[in-house]
Amino acid sequence: METLQNIRTQIQDVMQNAIKLPMTPIRLRDLIRQVRAARTAADERAVVNKECADIRANFREEDVTWRCRNVAKLLYIHMLGYPAHFGQLECLKLVASHRFTDKRIGYLGAMLLLDEQTEVHLLITNCIKNDLNNTNQYIAGLALCALGEICSAEMCRDLVGEIEKLLKSSNSYLRKKAALCAVRMIQKVPSLMDQFMPVTRSLLAEKNHAVQITGMVLMRQMCEMNTETLGSFRKLVPNIVRTFRALIMAGYNPDHDVSGISDPFLQVKMLDLLTVLGRNDAEASDMMNDILAQVATNTDGSKNVGGAVLYETVLAIMDIKSESGLRVLAVNILGRFLMNQDRNIRYVALNTLLKTVQIDNMAVQRHRSTVLECLKDPDVSIRKRAMELSFALVNATNVKAMAKELLAFLETADNEFKAPCSSNLFITCERYAPNRRWQIDTMIKALNLSGNYVSDHVVANIIQLIGEYAEEQAYAVRELFQCVQDPNFDTKQPLVQVACWSLGEFGDLLLSAGPSSFGGEDHQQQQPMNISEHSVVDALENIIKNKHSWVSTREYALNAVMKLSTRFTEMTSRIEQILAPLTANVSIEIQQRAVEYSSLFERPQQFRYGILERMPIVKRGTAADSTFMNGEEGLTVPHADDTDDLLGYHGDKRDGTSKPRAPKHSDSLLGILDDMSILASDTPVIHENGHAHQGSSAGGGMTDLLDLLDMNPASSVPKARPAAPANTSATSAMADFDFLNGNTSNTPVSAGTTFTAFEKNGLRIDFTVNGSPESLDVTINAWNFSPEEMSDFVFQAAVPKVLQLQLFPPSSSTIPAHGLSPVVQQMKIANPSHTPISYLSYAGASSLIAICTDCRSLRSGYLLIMSSKAASRQRHGSRRRANVTPLTGNAIDIGGGGDATISTNRIAEPPSSPVKERKVLTYQPSHWKFTWTPEIRTAFKLLLSARLCSVVWSHITDCDETFNYWEPLHYVLYHSGFQTWEYSPVFAIRSYAYILLHALPLKLYDLLFHPDRLLMFYILRLLFGFTSVCAECYFYNAVRRKFGPGVARFLLLVHLFSPGFFISTTAFLPSTFSMTMTTLAYAFWFSDKDVLAVASIATSALLGWPFAAVFGIPIALDILYRRGLLTFTSQAVAVGASLSALIISIDSSYYNKLVFPTLNIVLYNVISGHGPELYGTEPWYFYILNGFLNFNLVFFLALLSPLVAGLSYGLWGPQRIFVLPPRAWIYLAGTCLSLVIWLAILLSTPHKEERFLFPAYSLLALAGASVVEMIFKASQYFLEKFIERPTALKIVVIMSSIILGTFTLLGVSRMFSLSTFYEAPMNVYVKLHPEALNRTSPANVCVGKEWHRFPSSFFLPDNFRLQFIRSDFKGILPKAFEPYPFGLSANPSEMNDENREEPGRYVDACSCDYLVDLDIPGKESDLEPRFVQKKSDWKMIHKEKFLDAEHSHRLYRAFYVPFLSENYCAFGNYVLLKRRRPCTNEPPVPGNL
């Protein structure tokens, strides 16, 4: 029997080996069961790997039967996080199938596995096109869904015709899907919008509600993306209103009715669209008012559906320009929401009212009692919103009642509410308190109820409040003394701190004060108190010795005890006994204070009394200076967007645009003052003893100021070694982040946000995020706390297709052990499509960093930093380490198993991976380490501040500015002014087109507001400054993008603190105009906008100063090389001809003859035999001296720029890209070429003036900034060859600080010198205006030798005329214009272009009513007497100090040095004199007859 059994077994084995039957793949449900049955991560990996192997085998065998099933299982594996890229081609095969089931799975796989970066993506276009034309609507619908999900720009352009055709089809199913697909297509390619606009209008008239909804979504998207489209669709508002009215008036329809509301989904979309169309448009808003009122009154809000419609209605009413009655109705709807039982609805109402209170405070006040009831709600989020809204409702009329309610809330509030509530109570009392005693009582109650949860700034401000009002000090100190006698004072440490300070300062008042009335004015019973010196000292001693007292509280008490040693003279020995044991206290601070205070008792008594006298009163600013109005007065109210948005509306604002939250700390220099206003902060910070208090975050806005100078230690080397991280298990660490379930720890992206992204096995990776949601700069700091160094540090990153990633090389490939210093790497994330980046999500022990563009779904866009298998291992705590390589691609697609290894230009995969190698793009960095640079909005604020200073404090430095530009402008505007020979039609070398350019905005302003002339002067200067700021910001942004942040930072510093820009940016000179246009031209050139660059140079030369065309030479050469002669010639001729024709027509009209002033001025300076040399010549070093005064160190660095740039380009070799990007070297060469040519031209001409350098100022700044950057980088590079990197960095930082600090100090000193020493003329002429108030007859204001400092006729009152009297000056003076408009074209007499004196300009001194003169003792002549000494004839009205340059020290007159400049400089008096009596007996001054 056994033999037969063995034979049978052998036969069965042979049969099984000989005949292999094909195996049927397991079903998807069976695979899911197996995965769920896996007990460990290893078991799950084994199941998935086995199934992946089977799927690969079936794919290789081209098994058509089970392809659909295999792809479905592969998609499930992909959802688990495992690699599934090998199924991309199989998805395409399923899409090409004729079976609907295959297509369904194929398109689903394509949407999940394909993106724009994959090559397979291009193969699906034809399949989608065929399916779009399929007669089966469901197949066409699948194609539309896939196209909307994975469309690229090329695919959109190829298939836009099919989508447009489907939008016009009669099938409503296809039309709605086509409309949604069109939304995605115009998001991808905005230029396709025009093709969809006609058909979009027809969608609104569709009877099918689904099509209407999608049509409104499409229309809203178009309105958001294009303002012209928004204006076009506003014409459809009547149609939309009509459709809306028909919808709500329609009867019951079972297809659309939801809880008695007719299609609420369509109503919400209509309201949303009407909000967009009515925003900022009164006419459109007026057409919506009736329908909004109808919806608001007729909709039943008792159910969620009606509440949703009413909420959208309220948002629409508040967003458009609706009527006041409608706004009140909207607020009442929100009031009804507050009484709803649903907590979500109450929260929405409070959130909306908090925004509405700024618009209509009185309407919200009606619901104050309901809001106060919400303070008792059990839901924490509702209580928080109610508290914020309650503070917003406080005003002077209800402050007592509201404070009482808020104190009652504070008594039962959670600890997290106590700090912000007490802070806001202080602000409220500060602004609205009826009297100071009530304010002190209220704040003592608040401190008593808040316990230990009080912000530090509240303690400081209450202390300052008590010290400021002497009449309430005795009352306050008695009330506070009662508080410290409470046996539970250790639970009220902030209150004890205030009491200790008060006892120390005013303890002596306790012995003389009246009865106490704790509780303030409302307390009915007053109890007399018998207080002795012993009881006060005992109370303070008890605080010091209490083991539960904070260290800071003990310090307050110790100070108080010491202060009382001078108030309570009999307690001196007792106080010495208290201090004695404290000299050995464990707290260093207390020990030091005790030792120092004990030593005071050994000194003479008066010495101790002098030190310990009362603090002087320090006046405080109002706690809420920056406020909006709450009825009668203002109060700072937290914005609703400052807290977590539980409804998710941050990502979908009602205006259709996503508005990211403002950073908590401003990145601008102007915002530092705002950051210091910590009263508005409500973030509790934990003490070392575990108690919370209020505080500002470290650094704050001040780090931005340090970063501007590259001195912020946080961006280079840390000040102290961080503590080693604690070891945590992977399981517990991963509990914070479940990638599949989407449980993330969200941190708002704000300037300076720092968090730890990875911490494991001694390696810690910190991320610091700066910038805005449109452009993020991420600094990666990798620390190694293990005993051994880590080598081969590489990092890997990926972003979605909507973002762009630039990852720069790390500072080192080796991380030192023991946390000595980090390896720093920079990463820049650009957002060209302006997709909002709302949150930065991270996991503490994983290598996953996700920046979400839509908080509702990570899939819609994120930054992913992970290892090659991190996606599939996140939920199991994989130990794979993260690798990163510098890339410019939008993403890194990592497949296969194991860690990828990095080569120079390829990523080599392990042999098991189906993708053998993949090309990547290498990034050439524009800098090594520091990547922070001020954002454009920060630069704008800084530059605007600097230019405003120039508008106010810069004086007119050139008489050409006055008589050649301000005076003709005054003549054009007010028909009076002075004319120089340049404006004579005989010579016509000045252009009225340039004057008209500035006259038009002033004339418009004059017609609207009728300001006085002096205000018009400063308005035009303000316009100069603003125009310059815009040009400088654009130039700065172009330099930042092309030259790198290092050059841009120093360039911004030069523009801010250079005296040259201080003088030039607000001057009314063609050279200033040419400077602005040249700055724009080079910015356009750097931005590859050739046409605009050529146009800017042409405008600068033709309308401004013709010689500034020299700066166009490098631009012309570059365009000729890149685009050819024909392109450049056509551009230049078109711009030049059109602009020249305009100038000739304007000037010919004004001069009444055919003239071209631009040509005339060139002929005069180049050809005429008596050119500008008649007006003075200067030595060859004039411009070098002037450049040093205006740019100090930067000017010499700019002169060296050609040499330094050439040496750097040659010596650095291939590494030059680490100094400047390749294209930047070309731009720098062009800049140097322009400067060399310009300086060569200026040095060769004898006539030299400071304003001739104006057009080159921006290029000088750029050249100097580039040289500084090269010096810094060369220094760092060579220092690191001999010393350690941290030491080298410190040396470079010190060197940069010295250079930048020297430049800044010299620049500020020079600007202060100009403003202080030469401001007298403009100040003196202003004093004529008070004189004009008492005078009705015309008056003559005469000038002699000071004619060239006359600021312009804008400074003269009406009926005041400027006259000239003789002086030692023998050149030609200006002459008054002939009556307007004949003076424009009339040939004036006594005019010449040879600078010959014309005697007809002068008047007799006897005809002068006022005289302006510079009086310097010892400087007088027959023609220039000291009029001040003729006191019988002249009365001094006003005088100003004016520098006597001849008798002043050169250094101290050029640069203002406190104390020294006043001692080493001589001054005269710039005086305004008024005639006392007629000059009948006065001997005439020679020559004034």
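No experiment lies behind these values; they were computed from the predicted model shown.

A. Up close: the pairing of strand 10 (residues 775–784). With respect to burial, strand 10 is a largely interior element, nine of its 10 residues being buried. Here strand 10 pairs with strand 12 (residues 823–830) via eight bridges, running antiparallel. Within strand 12, the position partnered with Thr779 by the bridge is Gln826.

B. Expanded view of the pattern of salt bridges. Within this structure, the stated rule accounts for 53 salt bridges. The shortest N-O distance in the salt bridge between Lys50 and Asp54 comes to 3.6 Å. Remark: Asp54 and Lys50 occur in helix 3 (residues 41–60); sequence separation between them is four residues, near one turn of the helix. On the accessibility criterion, Asp54 (33% relative accessible area) is partly exposed. Arg1349 serves as the salt-bridge partner of Glu1346, at 2.7 Å between the closest nitrogen and oxygen. Three or more residues joined by partner-sharing salt bridges are found here, namely Asp1090, Asp1118, Arg1122, Arg1123 and Arg1223.

C. Quick look at the pairing of strand 22 (residues 1410–1415). Counting buried positions along strand 22 gives six out of six residues, so the element sits mostly inside the fold. The two faces of strand 22 match: Tyr1410, Val1412 and Leu1414 on one face and Leu1411, Asp1413 and Asp1415 on the other face are all buried. Two elements, strand 19 (residues 1339–1343) and strand 22, share three bridges in a ladder whose sense is parallel. Within strand 22, the position partnered with Val1343 by the bridge is Val1412. As judged from the six bridges shared by strand 22 and strand 24 (residues 1466–1475), these two strands associate in the antiparallel manner. When the sheet's bridge partners are listed, Val1412 is paired in strand 24 with Leu1472.

D. Spotlight on helix 28 (residues 493–506). Across its 14 residues, helix 28 extends 20 Å between first and last C-alpha, which sits within 8% of the 20 Å expected from 1.5 Å per residue. Counting buried residues along helix 28, 14 of its 14 residues qualify, which places the element largely inside the surrounding structure.

E. Inspection of a nonpolar patch on the surface at higher detail. Residues Ile1113, Leu1117, Leu1120, Leu1125 and Leu1233 make up a contiguous nonpolar surface patch of roughly 410 Å² in combined accessible area. Sort the elements by how many residues they give to the nonpolar patch and helix 46 (residues 1113–1123) lands first, with three residues. Looking at where Ile1113 falls in the secondary structure, it is placed in helix 46. Residue Ile1113 is classed as partly exposed on the basis of its relative accessible area of 32%.

F. Molecular detail of the packing of aromatic side chains. Counted according to the given criterion, the structure contains 64 aromatic pairs. Look at Phe1195 and Phe1196: their rings are 5.9 Å apart centre to centre, the planes differ by 75°, and that puts the pair in the edge-to-face class. Residue Phe1195 is classed as buried on the basis of its relative accessible area of 2%. Connected via pairs of aromatic rings, a cluster forms that spans Tyr965, Trp966, Tyr974, Tyr994, Phe1017, Tyr1018, Phe1024, Phe1068, Phe1073, Phe1354 and Phe1355. Between Arg56 and the ring centre of Phe86, over which it is positioned, the NZ or CZ distance is 3.9 Å. A cation over a ring is seen here: Lys1441 above Phe1467, with NZ or CZ 4.5 Å from the ring centre.

G. Region of interest: the state of the cysteines. This model, assessed by the stated rule, comprises one disulfide. Residue Cys1342 pairs covalently with Cys1408 via a disulfide, S to S 1.9 Å. Its S-S torsion of approximately -95° makes the covalent link between Cys1342 and Cys1408 left-handed. Of this pair, Cys1342 sits in strand 19 while Cys1408 sits in the loop between helix 57 (1382–1385) and strand 22, and the two are 66 residues apart along the sequence. On the basis of relative accessible area, Cys1342 is assigned to the buried category, the value being 0%.

H. Structural view of the nonpolar core. Membership of the largest hydrophobic core comes to 180 residues, with the highest contact counts inside it found for Leu147, Ile163 and Phe196. Per-element accounting of this core gives the leading share, nine residues, to helix 17 (residues 304–319). Aside from chain neighbours lying at most four places away, what touches Leu147 is Ile128, Leu132, Met155, Leu159, Ile163, Cys181 and Met185. In this structure, Ala993, Ala1093, Leu1139 and Leu1262 belong to the second largest nonpolar core, which totals 148 residues.

Rules used in this analysis
- Residues numbered from 1 in each chain as written.
- Predicted model: local features only at pLDDT ≥ 70, side-chain atom pairs only at ≥ 80, totals over all residues.
- Heavy atoms only, no water.
- Buried < 20%, exposed > 50% of the residue type's maximum accessible area, 1.4 Å probe, protein only.
- Helix = DSSP H or I, 4+ residues; strand = E, 2+ residues; numbered from the N terminus.
- Pairing = 2+ DSSP bridges.
- Salt bridge = Lys/Arg side-chain N within 4 Å of Asp/Glu carboxyl O.
- Expected span 1.5 Å × (residues − 1).
- Patch = residues over 30% accessible without salt bridge, like charges linked within 9 Å, V, L, I, M, F, W, Y side chains within 5 Å.
- Areas by Shrake-Rupley, 256 points an atom, 1.4 Å probe, with all protein chains shown as cover.
- Phe/Tyr/Trp six-rings, centres within 6.5 Å; stacked < 30°, edge-to-face > 60°.
- Lys NZ or Arg CZ within 6 Å of the ring centre and 35° of its normal.
- Disulfide = S-S within 2.5 Å.
- Core = buried A, V, L, I, M, F, W, Y, C linked by side-chain atoms within 4.5 Å.
- Contact = heavy atoms within 4.5 Å.

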